[in-house]
Amino acid sequence: MNAEFPLPAITGQDDAKKALLCALASDRIHTVLITGDRGTAKSTLARSIGVLAEGRQVLTVPQNITYDRLLGSIDLETTVSTGDVRLTPGLLKQADRQIIYADDINLMEEEVVQSLLNTAETGSYTLEREGFSRSIATRFLLVATMDPQEGDLTPGQMDRFDLSVRLDAITDAGLRGEIVKRRLLFERSPADFFREFWPATDALNGKLEAARERLPYVSIPEALADLISSLCLELAISGQRGDLAVAQAAAALAALDGRDNVVFEDVKLASLLALGHRRKDNPDSRQKANPPQSGETTDGKENRGTESPDRESSPGSSPGRIQAGQKNPDSRQGQNGPTPHQGYDQVFDIGSTFDVIRYLDEKSEKTTARQKSGRRTRVRSSDSSGHYRSFRLPGKNRNDIAVDATLRAAAPYQQVRRHTGLAISVEKADLREKIREKKAAHTILFLVDASGSMGVRQRMVAVKGAILSLLIDAYQKRDRIGLMIFRGTGSRLLLPPTRSPDLAVRMLRTIPTGGMTPLTAGIAEAYGLLSRGKYAGTGENKSIVILTDGRVNVPVRGGTPPAELADLARRIAGSGIRFVIVDTESGFPRIGRALILARDLKATWFRLEDLSGRRLAAFVQDTIYTYR
Amino acid sequence: MSGEHPVYPFSAIVGQDNMKDALLANLVNPSIGGVLIRGEKGTAKSTAVRAVADLLPERDVVKGCMFRCGASDIRNLCSSCREKIAAGETPETERARMRVIELPLCATEDRVAGTLDIGHAITKGQKKFEPGVLAMANGNILYVDEVNLLDDHIVDLLLDAAAMGVNFVEREGISYSHPARFMLVGTMNPEEGDLRPQLLDRFGLVVDVEGEKDTARRSEVVKRRLGFEKDPVAFCGRYEPEQQKIRDRIAVAGKILGDIEPDDRLIDTAVRVSLSLGVDGHRADITLVKTSLAFAALDGQKDVGKEHVLKAACLSLPHRMRRRPFDESHADLRSVQALIGECYSCP
């Protein structure tokens, strides 16, 4: 009953296969991450190790996992029937000496990811639940996949992965054709396909077994150990995990190759596998390493801005890069100063460090183009939608009973309770309710002053730019962006909050401008839109970004316009919707009405002057996502 | 059709040929990966999806199995059926019709993935798995209306199961896995927001439908609909010969598909097209080849012709083109058609 695609049948992706083989051969490599765009055989590759695992089972962590199954919980059946409180092991314990496979790990809850990574690294975890308090030892290999377009892991989580490889779609036409053919053959008859690749699979298994036996005797020459340290220093890898992972992977590579000594080539490939995701000078991770609280987004934008000219404007260095690229293993030795077989007393100077760095640069070039992004924020859900995360004693939400937790709470008392025909008697004190969690979507509504005051054109350019650049990133964060303008006597919703860039482009083509400034009515309307009806959904983060100079001149109920505005602002301030005021007042004298409005609304305030659309988007993201 | 609630017959749907083709191709080869139908309300999207169930031949399923395991599909059995067979039993089978299982937008996680059977736990004190929507969908069509509005974490569950063909449940004290192979059919109105790229890529084919523009055909739509509502049974009876023709066509196509292998020209074309478009990953190539084969088979042919590839390309590629925000991708599709024409021009 083996329905998996065998590893030797996977076309190309040699680095990734090496990484998996290293992990299978070595007991010291506990975590492997495979990243890549959708459809690049991440999952196929990760699952293919099942046939190579030699009696080790592959356990799948599904997206629907709850903590009781991950960590373990009270054994309901035994406890009810005997009154003896016993523990059912969770997946982490069941996976002892086995393999855990986590597909799309970046979509899982933070705590699940942490538990998996911590346990994999330390070989044990502490269970503190439902009256159990114990430390549980378990050793497993974690193989995870993720598509970075769907959101990233934190740098801390990335660092926990011993090895990481990125898969890219193959661009060679011949190989692509081969991929299609093999896939179709496999689907037609998995059994035949498996048989066809059995000799290769078997050979690989033999190689693995030999490598496992050899690995304890593999040694790393001192010069190479020094090289690893200087490499990590040069790349500004924080902590020691990187050094260790390179050394362990290099040793495993040597063992797989049937050698007792690690050579330069091993270190080179090992660095690619172990350091690619830990690098600091990779623009991608550098910005991720910034404290997430402040200025991450702005920094990111700036980095991105300078990154591409940098790469393109150094034509002098590119031929050198290509030489150092060495995709062809045969050409590696000739071009590098120290060749592997020159003996172990060879001193690897700073030059060889840079050889490796150049190699990493070349191999990871494609990954650096990735964009920034934190994970999506999550909020507690107050209705019964969302992922069941945990449970608690019932509070306000008595309808969403966590049945499993309730039964477990009742289980130990069953021997002493009176039963009325049921096997389990549940009392009120046993009741537990579910704590659910949802990925939070932000709804951002731009409210723009389109009256005839100065600078309306520039304002509109900035706003359009901001909306479009926010929408480009919106699918990672599931945000909705809308636009409302006010002018003349009222407001108009030009772009209902949407996630669709196509729609936005169509709706934003023309924006009418000119007329009076009915700011009060505009704010009231915008507030109404987000607090009532369709967009009022609980648990959502909602923001209104107001671009105005604050010079309101249209009354709503016949009072003086500024007084009405102040009154409205104070009433709706702090009501759950976040306000950002972008002050469009420019030149002299300044009246500062927008600042007053910002104070009344308890809003974040800044000036539009010289902000381009991109910068505006960055500011908005920054204020909105770092809130809370 | 002899059920109590007759569904509007597939063959009575006016026009919308792309949508019908896409559905039929999936019926012939379910591994194409389902269909996403994009279009405004009232363009017969749901009608077409529901009508599909009546086209499928009944299949043998294990009697009493809650996952309706296919009796002949030994590789994808649930654990209890597997145990039975391993113990030497020959499970009793029954004939079952393929069904359209609907996943409502408000479905909660436990209902989708399956959960602890509460009644059983309380009355017997034992844990038992209560199957969810993914279990019912096994071997059937899973239909999600307004799929772009589906909650994000439910999408994650769907993707998880769709990717593996197995639903692993590790929740609420339950540890269970069961086969979950289904044909995913989604409908959406693109104005309500985009679909997550990851989910979009899981749909083998995407069709954009528009309301009928021709007056005569529009009134034909209305006439047939009224005819159906007046007397569904008689209406279905009138279309029964047409329905049978389609059923036969699917059955024949299925047989042909088992015999044909993709030739080098087809694979070569698919690869060249994908490379020229810079699509993500390899799913585009594979789907294009499979869909072309299915269309040839539906035409009763063993040789894939240019027209089959062209039709397949229109359905399998547009949603996989690397998305440059804000440009409309029709121009690219024209160059694809030119390229396919080129590949198939010399004999």
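Residues numbered from 1 in each chain as written. Chains lettered and ligands numbered in written order. Predicted model: local features only at pLDDT ≥ 70, side-chain atom pairs only at ≥ 80, totals over all residues. Heavy atoms only, no water.

1. Observations regarding the overall build of chain A
Here is step 1: Of the regular secondary structure elements, chain A holds 25 helices and 18 strands.
Here is step 2: For chain A, the proportion of its 628 residues judged to be buried stands at 57%.
Here is step 3: In chain A, of all internal contacts separated by at least 6 residues, the share reaching a separation of at least 24 is 76%.
Here is step 4: Of the roughly 26,400 Å² of accessible surface on chain A, 51% is carried by carbon and sulfur atoms. (Helix = DSSP H or I, 4+ residues; strand = E, 2+ residues; numbered from the N terminus. Buried < 20%, exposed > 50% of the residue type's maximum accessible area, 1.4 Å probe, protein only. Contact = heavy atoms within 4.5 Å. Areas by Shrake-Rupley, 256 points an atom, 1.4 Å probe, with all protein chains shown as cover.)

2. Notes on the overall build of chain B
Here is step 1: Along chain B, the regular secondary structure elements total 14 helices and 11 strands.
Here is step 2: Radius of gyration (C-alpha) of chain B: 21 Å, near the 20 Å computed for a compact globule of 347 residues.
Here is step 3: C-alpha extents for chain B along the principal axes are approximately 70 × 50 × 45 Å.
Here is step 4: The burial tally for chain B puts 54% of its 347 residues in the buried class.
Here is step 5: Within chain B, residue pairs in contact and separated by at least 24 positions form 75% of the contacts whose partners lie at least 6 positions apart.
Here is step 6: As displayed, chain B offers around 14,900 Å² of accessible surface, 51% of which is attributable to carbon and sulfur atoms.
Here is step 7: Here chain B carries 46 positive and 53 negative side-chain charges, and the mean point of each set is 3 Å from the other. (Rg over C-alpha atoms; globule rule 2.2 N^0.38 Å. Lys, Arg positive; Asp, Glu negative; His and termini not counted. Charge placed at Lys NZ, Arg CZ, Asp CG, Glu CD.)

3. Some remarks on the interface of chain A and chain B
Here is step 1: With 68 residues of chain A at the interface, the matching set in chain B holds 67 residues.
Here is step 2: Interface of chain A and chain B: buried area, both sides summed, is about 6,000 Å²; carbon and sulfur atoms make up 57% of it.
Here is step 3: When the area that chain A buries against chain B is broken down by residue, the three leading residues are R38(A), N64(A) and R176(A), summing to 12%.
Here is step 4: Inspection of the chain A/chain B interface yields 5 salt bridges.
Here is step 5: Here R176(A) and D285(B) are joined by a salt bridge, their closest N and O atoms 2.6 Å apart. (Buried area = accessible area lost by both parts, 1.4 Å probe. Salt bridge = Lys/Arg side-chain N within 4 Å of Asp/Glu carboxyl O.)

4. Structural notes on the packing of aromatic side chains
Residue and element names in this part refer to chain B.
Here is step 1: Overall, the coordinates contain 11 aromatic pairs over all chains when judged by the stated rule.
Here is step 2: Ring centres of F228 and F235 lie 5.7 Å apart, and the angle between their planes is 75°; this geometry places the pair in the edge-to-face category.
Here is step 3: Take F235: its relative accessible area is 2%, and that puts it in the buried class.
Here is step 4: In this arrangement the basic side chain of K311 is found over the ring face of F295, its NZ or CZ atom lying 4.6 Å from the centre. (Phe/Tyr/Trp six-rings, centres within 6.5 Å; stacked < 30°, edge-to-face > 60°. Lys NZ or Arg CZ within 6 Å of the ring centre and 35° of its normal.)

5. With respect to helix α7 (residues 152-164) of chain B
Residues and elements named next belong to chain B.
Here is step 1: The first and last C-alpha atoms of α7 sit 19 Å apart over 13 residues, in line with the 18 Å expected at 1.5 Å per residue.
Here is step 2: Burial runs high along α7: 12 of the 13 residues are buried.
Here is step 3: At the C-terminal side of α7, G165 shows a positive phi close to 75°. (Expected span 1.5 Å × (residues − 1).)

6. As for the sheet that holds strand β15 (residues 490-498) of chain A
Residue and element names in this part refer to chain A.
Here is step 1: On the basis of which strands lie adjacent, the open sheet formed by 6 strands has the order β15-β14-β13-β16-β17-β18 and mixed pairing. With partners counted over all chains shown, the strands left at the sheet margins are β15 and β18 (604-607), one partner each. When the angles between neighbouring strand axes are averaged without regard to direction, this sheet yields 15°.
Here is step 2: Bridge count for strand β14 (residues 480-487) against β15 is 6 bridges, and the pairing is antiparallel. Bridge pairing links R487 to G490 in β15. (Pairing = 2+ DSSP bridges. Axes fitted to C-alpha atoms, helices over the stretch in contact; angles between N-to-C directions.)

7. Comments concerning the pattern of salt bridges
Here is step 1: One pass over the structure, following the stated rule, counts 40 salt bridges over all chains.
Here is step 2: For the salt bridge of K181(A) with D264(B), the shortest nitrogen-to-oxygen distance reads 3.6 Å. Highlighted residues: K181(A) in helix α8 (residues 173-188) and D264(B) in helix α11 (residues 264-277), drawn from two different chains.
Here is step 3: Taking the relative accessible area as the measure of exposure, K181(A) reaches 33% and is therefore partly exposed.
Here is step 4: Taking relative accessible area as the criterion, D264(B) reaches 53% and is therefore assigned exposed.
Here is step 5: Here R183(A) and E187(A) are joined by a salt bridge, their closest N and O atoms 3.4 Å apart. Separated by 4 residues within a single helix, R183(A) and E187(A) lie in helix α8, roughly one turn from each other.
Here is step 6: Classification of R183(A) as partly exposed rests on a relative accessible area of 23%.
Here is step 7: Through salt bridges with shared partners, one network takes in E121(A), D159(A), R160(A), R241(A) and R278(A).

8. A short note on the pairing of strand β1 (residues 31-36) of chain A
All names here are of chain A.
Here is step 1: Counted residue by residue, β1 has 6 buried out of 6 residues, so it is predominantly covered.
Here is step 2: Direction of pairing for β1 relative to strand β9 (residues 163-167): parallel, over a ladder of 5 bridges. Within β9, the residue paired with L33 across the bridge is S164.

9. Digging into unusual backbone geometry
Residues and elements named next belong to chain A.
Here is step 1: For R97, which is not glycine, the phi dihedral falls at a positive 65°.
Here is step 2: Within the secondary structure layout, R97 lies in the loop between α5 (91-94) and β5 (99-102).
Here is step 3: You can call R97 exposed: its relative accessible area is 63%.

10. Regarding the nonpolar core
Soluble, globular proteins show a tendency: their nonpolar side chains are buried together.
Here is step 1: Counting 72 residues, the largest nonpolar core has F10(B) and L23(B) as the members making the most contacts within it.
Here is step 2: Among the elements that line this core, the one with the most residues is helix α12 (residues 283-298) of chain B, at 10 residues.
Here is step 3: In this structure, F193(A), F197(A), F264(A) and Y359(A) belong to the second largest nonpolar core, which totals 67 residues. (Core = buried A, V, L, I, M, F, W, Y, C linked by side-chain atoms within 4.5 Å.)

11. With respect to the environment of L141(A)
Here is step 1: Here L141(A) lies in strand β8 (residues 141-146).
Here is step 2: In this structure L141(A) touches A23(A), L24(A), I29(A), H30(A), T31(A), V32(A), R56(A), Q98(A), I99(A) and I100(A), once residues within four positions along its chain are discounted.

12. Examining the pairing of strand β6 (residues 124-129) of chain A
If a strand is regular, its side chains alternate between the two faces of the sheet.
All names here are of chain A.
Here is step 1: On β6, burial follows the alternation: Y125, L127 and R129 on one face are buried, whereas S124, T126 and E128 on the facing-out side are not.
Here is step 2: Examined bridge by bridge, β6 and strand β7 (residues 132-137) share 6 bridges and lie antiparallel to one another. Looking at β7, one finds that E128 is bridged to S133.

13. Remarks on the side chain of T291(B)
Here is step 1: Structurally, T291(B) can be placed in helix α12.
Here is step 2: When sequence neighbours within four positions are dropped, the list of residues in contact with T291(B) reads A25(B), I32(B), L205(B) and A312(B).

14. Things to note about the packing of helix α11 (residues 222-234) of chain A against helix α12 (residues 241-256) of chain A
Residue and element names in this part refer to chain A.
Here is step 1: Interhelical geometry of α11 versus α12 gives an angle of 140° and a closest axis separation of 10 Å. Our classification of the angle between α11 and α12 gives oblique. In this structure, the crossing between α11 and α12 has a hand that is right-handed. Residues I228, S229 and C232 of α11 form the contact with α12, whose participating residues are G242, D243, V246 and A247.
Here is step 2: When its residues are assigned to classes, the contact of α11 with α12 shows 4 nonpolar, 2 polar and 1 charged. (Parallel < 35°, antiparallel > 145°, perpendicular 65-115°, else oblique. Left-handed = near helix turned anticlockwise from the far one by under 90°. Nonpolar A, V, L, I, M, F, W, Y, C, P; charged D, E, K, R; others polar.)

15. Here's the deal with a nonpolar patch on the surface
Here is step 1: Together, V221(B), V222(B) and L226(B) make up an exposed nonpolar region whose accessible area comes to about 250 Å².
Here is step 2: If you trace the backbone, V221(B) turns up in helix α9 (residues 215-230). (Patch = residues over 30% accessible without salt bridge, like charges linked within 9 Å, V, L, I, M, F, W, Y side chains within 5 Å.)

16. Some thoughts on the confidence of the model for chain A
Residues and elements named next belong to chain A.
Here is step 1: Overall, the prediction assigns chain A a mean pLDDT of 76, with 75% of residues at 70 or greater.
Here is step 2: In the predicted structure, residues 282-346 sits below a pLDDT of 50 and forms 85 contacts with residues beyond four places in sequence or in another chain.
Here is step 3: Predicted confidence for residues 365-375 stays below pLDDT 50, and this span has 38 contacts to residues more than four positions away or in other chains. (pLDDT = per-residue confidence, 0-100.)

17. Description of the packing of helix α1 (residues 14-25) of chain A against helix α10 (residues 198-214) of chain A
Residue and element names in this part refer to chain A.
Here is step 1: Here α1 crosses α10 at 50°, and the two axes come no closer than 9 Å. Overall, the two elements α1 and α10 adopt an arrangement that is oblique. Crossing of α1 against α10: the hand is right-handed. Together, L21, L24 and A25 of α1 and L204, L208, A211 and R212 of α10 make up the contact between the two elements.

18. Description of the side chain of Q98(A)
Here is step 1: Locating Q98(A) in the fold gives a position in the loop between α5 and β5.
Here is step 2: Excluding residues within four positions of it along the chain, Q98(A) makes contact with G55(A), R56(A), Q57(A), L59(A), R139(A), F140(A) and L141(A).

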